Amino acid sequence: MNSTTQTHSAPSQTGREGEESALVARFLDYVGYDTQSAEDAEGCPSTAKQLTFARHLADTLEEMGLEDVALDEQGYIYATLPSNIPADVPTVGFIAHYDTSPDCSGAGIRPRIVSNYDGTDIVLDAEQGIVTSPRLFPEMLRHVGEDLIVTDGHTLLGADDKAGIAEIVEAMAYLMAHPEVPHGRIRIAFNPDEEIGAGAHLFDVDKFGADWAYTMDGSEVGELEYENFNAASARITIHGLNVHPGYAKGKMRNAARIAAEFAQAMPGQEVPEHTEGYEGFYHLTAINATVEQATLSYIIRDHDRQLFEQRKQHIEQLAARFSERYGEGSVECDVRDQYYNMRQQLEGKEHIIDIARRAIEQAGMTCVVKAIRGGTDGAQLSFKGLPCPNIFAGGLNFHGRHEFVPIQSMEKAMHTVVNICRIVAE
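In short, a report on the structure. (Residues numbered from 1 in each chain as written. Predicted model: local features only at pLDDT ≥ 70, side-chain atom pairs only at ≥ 80, totals over all residues. Heavy atoms only, no water.)

## A few points about the pattern of salt bridges
And then number 1: Using the criterion set out here, one finds 15 salt bridges in the structure.
And then number 2: Two residues, Arg 142 and Glu 220, come together in a salt bridge whose shortest N-O distance is 2.8 Å. Taken together, the residues Arg 142 in the loop between strand E6 (130-132) and strand E7 (148-150) and Glu 220 in the loop between strand E9 (212-218) and strand E10 (223-228) connect sequence positions 78 residues apart.
And then number 3: Given a relative accessible area of 53%, Arg 142 falls into the exposed group.
And then number 4: Close ionic contact of Glu 426 with Arg 422 constitutes a salt bridge, the shortest N to O distance being 3.4 Å.
And then number 5: Glu 426 sits in the exposed class, given a relative accessible area of 62%.
And then number 6: The structure contains a network of salt bridges with shared partners spanning Arg 305, Glu 309, Lys 312 and Asp 337. (Salt bridge = Lys/Arg side-chain N within 4 Å of Asp/Glu carboxyl O. Helix = DSSP H or I, 4+ residues; strand = E, 2+ residues; numbered from the N terminus. Buried < 20%, exposed > 50% of the residue type's maximum accessible area, 1.4 Å probe, protein only.)

## Considering the sheet that holds strand E4 (residues 112-114)
And then number 1: With antiparallel pairing, the three strands of this open sheet are ordered in space as E4-E7-E17. Across the chains shown, the open sheet's two edge strands, defined by having one partner strand only, are E4 and strand E17 (405-406).
And then number 2: The pairing of E4 with E7 spans three bridges and is classified as antiparallel. Residue pairing for E7: Ile 113 is matched across the bridge by Ile 149. (Pairing = 2+ DSSP bridges.)

## Remarks on the nonpolar core
And then number 1: With 76 residues, the main nonpolar core has Phe 27, Leu 61, Phe 94, Met 172, Ile 188, Phe 190 and Tyr 214 as its most contacted residues.
And then number 2: Tallying contributions element by element places helix H4 (residues 159-177) first for this core, with eleven residues.
And then number 3: In this structure Phe 190 touches Leu 57, Leu 61, Gly 75, Tyr 76, Ile 77, Ala 96, Tyr 98, Ile 165, Ile 168 and Val 169, once residues within four positions along its chain are discounted.
And then number 4: In this structure, Ile 238, Tyr 282, Tyr 298 and Val 335 belong to the second largest nonpolar core, which totals 22 residues. (Core = buried A, V, L, I, M, F, W, Y, C linked by side-chain atoms within 4.5 Å. Contact = heavy atoms within 4.5 Å.)

See the structure below:
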């Protein structure tokens, strides 16, 4: 998609003026870039196309007049909005990621604005019968009367997390245009590869230099998140022994069949489709199997650290039992921690949460505190010494063709950023 065309069409489509139309224009410009990350790639960023967008975004920040704009070789962007008050106040930061999920194509995104949504089905592609319906996505009904940006049914939208980027950048533009709003030194950063769990790995916390920060990477309007899953990955490797099936009795070890048996031995109800809230799970993400060798890939999640450790032990013990049953060394288990619950890093720092809560409420919303059934860069950054709760960016139905974002939610997120800057200064 030609991003310039979309950028210029946005204000006339919505009839919105001022900062609001600029916010929409920024978002439509950003989603014109394919920034899909890749799990199996080496290096950072995991895809070269992410750097194409990073250069564009860094140029935009330079043109705006932000200071200390820096884009490193790994695709991390840093910039500063200097303080406009004489008082010495904490430096607060805002962070968002620009990669999109490998789960759905991010190439050739064709967004469309549905003005004054009426609560009925939204036809994305009439010819192919692709429809976003409130029967399947009842959260749509919370946004009746608002203006929704949707896809054409063939790609994701990229509101995760280009909505967050647009909101942060537009908030900086707002503060620059309104010097009467007091604020201290503000640091912003945008990074690659969050969707593959690597977004914070090379983030330079010392260079960023903020006392604390917020990721703008949440979902529904008003949400504030400072609890997330403890997370690990588990890879089960099964070594089979292939023998001609006509002569296999007492000899063959069928890795594919053992893999299926292993999957069936895992707790059947402790999976994403049967859990909610604080309930943890095991999630089988892939099976690759032949008679000779099979692998099962799992992710392990739990908010409670003790239960998290028990889950890791369970899968390791199950693998050990299978290895004993089918021959020593026949089943191997590699469990690796990915990130931890940020809540423990925010204990004693309640003012960081209180400021965000006040900012959300002053933007005209009820603050909804939720535990993330997932993780953010903020979780890893919190353990690197940068306390970093997560604030809503407004998008819904992430990682698929039914993703959408209400324009009004983006506006409220942008004003939440402005409010945080003002409250910290006050």
